[in-house]
Amino acid sequence: MLRVGFIGFGTRASSFFENNMEPLNVCTLAAVCDPKADEIRKKWDEKYPDCHWYSDAEEMLNKESLDGVYVGTRCNLHTKYAMLVAKYDIPMFLEKPVAVNEEEIALLESIPHMDQKTVVSFPLRLAQLVTTVKDYIDRGMIGTLSQVQAYNNVHYGRIYYHGWYRDESITGGLFLQKATHDLDYINYVLGMDPVSLCAMETKSIFKGSKPAGVACKDCKEYYTCTESPYNVALYDPKRVIDDAHCCFATDTGNHDSATVMMQYANGVHAVYSQNFVARKGAGKRGARFIGYKGTIEFDFNSKTVTFFDHTSDRVDRISVMSSGGHSGGDNALATNFIDIMTKRDVSHSPLSQGVQSARLCLAAKRSAKTNTFIKL
């Protein structure tokens, strides 16, 4: 059995192991380092009695013989622990964003030996919907590409204003939280990186004059505010956030919506927009790739790929009923990580692509603040 260690064992990391790695019957949870180790081990001791628990990552890496390490901390610690794992030259699964500033990008670029033995958590590039679109394009079905139109209307967007995601010093902002996925799969499908970009953002909804740090439960408008847990529980009960803080306070970070436009060396340009105000059925994520011979698009919500032939009445509609998180992308990442640990393959989502996506998101953030085009 492959011995896997975790640095950070929160909701995403623990569910990824339970739902995507453990069912393959080749991995065991060997060790976990988490600042809340004493607290969370009570939840897992019965299921993983042989797991060793640590509060110091270097101590874990020194004492344990591990085949792979999953870095699942909060965003501003990803680079720190990626550099630590690199020192031990162990295959790594690294959550996105891989970096939240330029200094961290420079650090990650100093460990090229980790590129092909790191799986960056970019499940969308390996989701079958996306790989189906890439196959059509690679086979020349849409001809010469003209434009890409991509979108992400996040129906659960309130989590970015009520909880810890509102703190941009931890997350780096919503370009790095959301756009990082979409910009990555666009580049993956096209097989190239952009040469310039520009971006803009809007914050017109989730802002206000409420005191910094105020919790919803302590607010006088708890029963009347549409964003309070009380009212959210009435019309969207799955989206209630425990210990929610006011999303109309002076310390609420993150934009409401944003758009990035990227240009490639061959003249093609891609437009990507994200929105965190849309709710319920308005949620939608996907992209359209327009070429001379045809157009192909995919939609994560309907799980469909549609190809339109520009020279006939032919329309292909393909249903892709992938199981697992991120439309099957999580399963693909888990399998790839195992193949790297067993030395049967290299990364399909390498560290260099995580760095590239982070660089694009930081450029978009800078462009939106300065109202300028950024050459890459």
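Right above here is the structure, for reference.
Throughout what follows, the structure given in this document is the object of discussion. (Residues numbered from 1 in each chain as written. Predicted model: local features only at pLDDT ≥ 70, side-chain atom pairs only at ≥ 80, totals over all residues. Heavy atoms only, no water.)

Structural notes on the packing of aromatic side chains
Then, in step 1: Evaluation of the coordinates by the stated rule reveals 22 aromatic pairs.
Then, in step 2: For the ring pair Tyr223 and Tyr230, a centre distance of 4.8 Å and an interplane angle of 75 degrees mean the geometry is edge-to-face.
Then, in step 3: The class of Tyr223 is exposed, set by a relative accessible area of 57%.
Then, in step 4: For Tyr230, a relative accessible area of 36% translates into the label partly exposed.
Then, in step 5: Members of the aromatic cluster, connected to one another through ring pairs, are Phe6, Phe9, Phe16, Phe17, Trp44, Tyr48, Trp53, Tyr70, Phe93 and Phe337.
Then, in step 6: Above the ring of Trp164, the side-chain terminus of Arg74 is found at 4.1 Å from the ring centroid.
Then, in step 7: Lying across the ring of Tyr188, Lys134 places its NZ or CZ 5.1 Å from the centre. (Phe/Tyr/Trp six-rings, centres within 6.5 Å; stacked < 30°, edge-to-face > 60°. Buried < 20%, exposed > 50% of the residue type's maximum accessible area, 1.4 Å probe, protein only. Lys NZ or Arg CZ within 6 Å of the ring centre and 35° of its normal.)

Here's the deal with the sheet that holds strand 5 (residues 92–94)
Then, in step 1: A sheet is described by the order of its strands in space; here 6 strands give the open sequence 3-2-1-4-5-6, paired in parallel fashion. Every other strand in the sheet has two partners, leaving strand 3 (52–54) and strand 6 (118–120) as the edge strands with one partner each. Sheet twist, expressed as the mean angle between neighbouring strand axes with direction ignored, is 20 degrees.
Then, in step 2: Looking at chain direction, strand 1 (residues 2–7) and strand 2 (residues 27–33) are connected through 6 bridges and run parallel. Within the sheet, the bridge partner assigned to Arg3 lies in strand 2 and is Thr28. (Pairing = 2+ DSSP bridges. Helix = DSSP H or I, 4+ residues; strand = E, 2+ residues; numbered from the N terminus. Axes fitted to C-alpha atoms, helices over the stretch in contact; angles between N-to-C directions.)

Brief notes about unusual backbone geometry
Then, in step 1: In this structure, Pro97 follows Lys96 across a cis peptide bond, with omega equal to -10 degrees.
Then, in step 2: Topologically, Pro97 is positioned in the loop between strand 5 and helix 5 (102–108).
Then, in step 3: Phi at Lys303 takes a positive value of approximately 55 degrees, unusual for a residue other than glycine.
Then, in step 4: As for its placement among the helices and strands, Lys303 is situated in the loop between strand 12 (294–299) and strand 13 (304–309).
Then, in step 5: Given a relative accessible area of 27%, Lys303 falls into the partly exposed group.
Then, in step 6: Its identity is not glycine, yet His326 carries a phi of approximately 55 degrees, on the positive side.
Then, in step 7: Its location among the elements puts His326 in the loop between strand 14 (315–319) and helix 11 (329–341).
Then, in step 8: Classification of His326 by relative accessible area gives partly exposed; the value is 33%.

A short note on the nonpolar core
Then, in step 1: Counting residues in hydrophobic clusters, the biggest one holds 75 residues, and the most contacted among them are Ile186, Phe289 and Phe298.
Then, in step 2: Counting residues per element, this core draws most heavily on helix 12 (residues 351–370), at 9 residues.
Then, in step 3: Setting aside anything within four residues of it in sequence, one finds Ile186 in contact with Val148, Ala150, Met262, Tyr264, Ala270 and Tyr272. (Core = buried A, V, L, I, M, F, W, Y, C linked by side-chain atoms within 4.5 Å. Contact = heavy atoms within 4.5 Å.)

Describing the pattern of salt bridges
Then, in step 1: One pass over the full model with this rule turns up 25 salt bridges.
Then, in step 2: Among the ionic pairs, Glu102 bridges to Arg366, the shortest N-O distance being 3.7 Å. Highlighted residues: Glu102 in helix 5 and Arg366 in helix 12, separated in sequence by 264 residues.
Then, in step 3: Taking the relative accessible area as the measure of exposure, Glu102 reaches 37% and is therefore partly exposed.
Then, in step 4: The class of Arg366 is partly exposed, set by a relative accessible area of 39%.
Then, in step 5: When the shortest N-O distance is used, the salt bridge between Asp316 and Arg314 registers 2.6 Å.
Then, in step 6: Connected via shared salt-bridge partners are Arg12, Glu95 and Asp330. (Salt bridge = Lys/Arg side-chain N within 4 Å of Asp/Glu carboxyl O.)

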